[in-house]
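Architecture at a glance
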Amino acid sequence: QQQVKQSPQSLIVQKGGISIINCAYENTAFDYFPWYQQFPGKGPALLIAIRPDVSEKKEGRFTISFNKSAKQFSLHIMDSQPGDSATYFCAASTLRGQNFVFGPGTRLSVLP
Amino acid sequence: GAVVSQHPSWVICKSGTSVKIECRSLDFQATTMFWYRQFPKQSLMLMATSNEGSKATYEQGVEKDKFLINHASLTLSTLTVTSAHPEDSSFYICSASRGALGYGYTFGSGTRLTVV
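Conventions and cut-offs
- Residues numbered from 1 in each chain as written.
- Chains lettered and ligands numbered in written order.
- Predicted model: local features only at pLDDT ≥ 70, side-chain atom pairs only at ≥ 80, totals over all residues.
- Heavy atoms only, no water.
- Helix = DSSP H or I, 4+ residues; strand = E, 2+ residues; numbered from the N terminus.
- Buried < 20%, exposed > 50% of the residue type's maximum accessible area, 1.4 Å probe, protein only.
- Contact = heavy atoms within 4.5 Å.
- Areas by Shrake-Rupley, 256 points an atom, 1.4 Å probe, with all protein chains shown as cover.
- Lys, Arg positive; Asp, Glu negative; His and termini not counted.
- Charge placed at Lys NZ, Arg CZ, Asp CG, Glu CD.
- 1 Å grid on protein atoms, 1.4 Å probe; cavity = no way out; pocket = protein on both sides within 12 Å on 5 of 7 lines; lining within 4 Å.
- Points joined across faces, edges and corners; volume = space filled by probe spheres on them.
- Nonpolar A, V, L, I, M, F, W, Y, C, P; charged D, E, K, R; others polar.
- Pairing = 2+ DSSP bridges.
- Axes fitted to C-alpha atoms, helices over the stretch in contact; angles between N-to-C directions.
- Disulfide = S-S within 2.5 Å.

This part covers the overall build of chain B. In terms of regular secondary structure, chain B is built from zero helices and 11 strands. Start at the N end of chain B and walk to the C end: the helices and strands fall as β-β-β-β-β-β-β-β-β-β-β. By its C-alpha atoms, chain B is 40 × 30 × 25 Å across when sized along the principal axes. Across the 116 residues that make up chain B, the buried fraction comes to 49%. Sequence separation of at least 24 residues holds for 53% of the intrachain contacts in chain B that already meet a minimum separation of 6. Carbon and sulfur atoms form 52% of the exposed surface of chain B, whose accessible area is close to 5800 Å². Side-chain charges of chain B comprise 10 positive and 8 negative groups, with the mean position of each set lying 4 Å from the other.

What follows concerns the layout of surface pockets. Residue and element names in this part refer to chain A. Each pocket or cavity is described by its volume, and for the second largest pocket that value is around 460 Å³. Mapped by element, the contributors of at least two residues to the lining of the second largest pocket are β9 (86-92) and β11 (106-111). The residue makeup of the lining of the second largest pocket, split by class, is nine nonpolar, nine polar and four charged.

Below, the discussion takes up the sheet that holds strand β3 (residues 19-25) of chain A. Residue and element names in this part refer to chain A. Taken in spatial order, the five strands make up an open sheet running β1-β3-β8-β7-β6, and their pairing is antiparallel. Since the sheet does not close on itself, it has two edges, and those belong to β1 (4-7) and β6 (56-59), each with one partner. Direction aside, neighbouring strands of the sheet carry axes that sit 15° apart on average. For β3 and strand β8 (residues 72-77), the ladder comprises six bridges, and the chain directions are antiparallel. If you follow N22 over to β8, its bridge partner there is S74.

Here the structure, examined in full by the defined rule, presents two disulfides over all chains. Sulfur-sulfur distance for the disulfide between A:C23 and A:C90 comes to 1.9 Å. Of note, the bridge from A:C23 to A:C90 carries an S-S torsion of about -95° and is left-handed in sense. One end of the pair, A:C23, is in strand β3; the other, A:C90, is in strand β9, with 67 residues separating them in the sequence. Look at A:C23 and you get buried, because its relative accessible area is 3%. With a sulfur-sulfur separation of 2.0 Å, B:C23 is cross-linked through a disulfide to B:C94. Of note, the bridge from B:C23 to B:C94 carries an S-S torsion of about 80° and is right-handed in sense. Within this pair, whereas B:C23 is found in strand β3 (residues 19-25), its partner B:C94 is found in strand β9 (residues 90-97), the two being separated by 71 residues in sequence. Distance from the sulfur of B:C13, which forms no disulfide, to the nearest cysteine sulfur (B:C94) is 18 Å.

Take it as geometry only, folks, not as evidence of what the structure does.
Quick look at the structure:
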């Protein structure tokens, strides 16, 4: 119940395309869903996060879509750029910071 | 804001020696910090939760005598890998949260430990 599933494991997108990464969770106590971007040899950096009281959040080229009934959320990267090539992790936790769980990650490669 | 500094960024040590990794919250106080381990091409695995002024809480399967955690102040937590062996070689990452109001977790830049 603590797992967060993430797909795909890897993703190759052409420059300018849309990258879509999906995550699913089981624990209905989760109420905070962040996405992290990690470059090789670096720690994860918070990209964007959403709470379940909204269905979508957009920040620049990054959008989170959230489906509470399906317990699923996804990250959309519009106009993908080679600089977006990184590993993306979805995560879930409670706002109190309990039970913080990472998905297994998606390696995104954006071809020039 | 919300910067977490981790030091060193990489370290090579001989088998049997101990290595200390520091994690500092630079512009906020963190009563709780977290230590993760990450193997190549894998996700982050929580090792322990570091609580200021009290003992750390270790995840199942993590040897508390091998991975010593000290959280002596609201801005500093340390992880000491004792009697390191090659299988301890990994990427260690700390994180901290400013609080329980959805600020999220800020991660350090990680420490690459290589035991030879």
